[in-house]
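# Per-entry structural report
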Amino acid sequence: AAGGTHCPACQAELSLNHYEACPARPLPIQTRHNSVCEALAGALRRNTKRRVRLEPPVVVHNPQLRRADLEVGVVDGGIPLDARFGLLDVKIKHVLANNAAAARAAARAGVQLPDDLMPQDALPFCRRQAWAQIEAALELTAQRCRQSYANVATPQAVIPVVISTGGSLHREATQMIKTLL
């Protein structure tokens, strides 16, 4: 399009975050997701007492087979799944995506700057507001993941492992890493 306002690959209107979602990008989004899943599985397998399987079915006798991204179990003792983090669904989230705009706005509004704030004290408040927006986008993604499994009969809850494209971790992802690694 004239003036460089549209992506030459997919013809969508260019925006600040278009590269993260462009369907015609050189590195497909699925490749990034799969790389994170494989890296996480490799890290979990370093513990020789853990059994890790990629893309396990979470509903065996169902015409609409659903799969989690990782299944984490214990090698010995007959325990098939880790008690808390047995089934994991990895989500990679671009926090500036349009579908998180309302969550970011609400988080931004929730961290109000005091009227009498001195310029030298502004940076911590700005950081808090930025982190609140990142956290809100990650939480929205985690909620949507949980909702997607709400009506699926799984052997245990599927835990969302949400990571931003910038590397920030949702609180459940942080807890999973602290617990399992």
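First, a word on scope: everything that follows refers to the structure included in this document. None of these values were measured; they are calculated from a predicted model.

Take unusual backbone geometry next. It is generally the case that most residues other than glycine have a negative phi and that most peptide bonds are trans. The residue glutamine 11 is not glycine, and still its phi comes out positive at about 70°. Residue position: glutamine 11 is located in the segment before helix H1 (18–21). You will see that glutamate 55, though not glycine, has its phi angle at about 50°, which is positive. Secondary-structure assignment places glutamate 55 in the loop between strand E1 (50–54) and strand E2 (70–74). In this structure glutamate 55 comes out as partly exposed when scored by relative accessible area, which is 42%.

Bringing the sheet that holds E1 into the picture now. Ordered by their spatial adjacency, 4 strands build an open sheet running E1-E2-E3-E4, and the pairing between neighbours is mixed. One side of each edge strand has no neighbouring strand; the edge strands of this open sheet are E1 and strand E4 (158–164). In this sheet, adjacent strand axes meet at a mean angle of 25° when their direction is disregarded. Bridge count for E1 against E2 is 5 bridges, and the pairing is antiparallel. The residue bridging arginine 53 from the neighbouring strand is glutamate 71, located in E2. Packing of helix H2 (residues 29–45) onto the sheet brings it into contact with E1, E2, strand E3 (87–93) and E4, and relative to E1 it is tilted by some 165°. Contacts between helix H5 (residues 171–180) and the sheet are confined to E1, E2, E3 and E4, with E4 contributing the most and set at about 105° to the helix.

Reading guide: rules and limits
- Residues numbered from 1 in each chain as written.
- Predicted model: local features only at pLDDT ≥ 70, side-chain atom pairs only at ≥ 80, totals over all residues.
- Heavy atoms only, no water.
- Helix = DSSP H or I, 4+ residues; strand = E, 2+ residues; numbered from the N terminus.
- Buried < 20%, exposed > 50% of the residue type's maximum accessible area, 1.4 Å probe, protein only.
- Pairing = 2+ DSSP bridges.
- Axes fitted to C-alpha atoms, helices over the stretch in contact; angles between N-to-C directions.
- Contact = heavy atoms within 4.5 Å.

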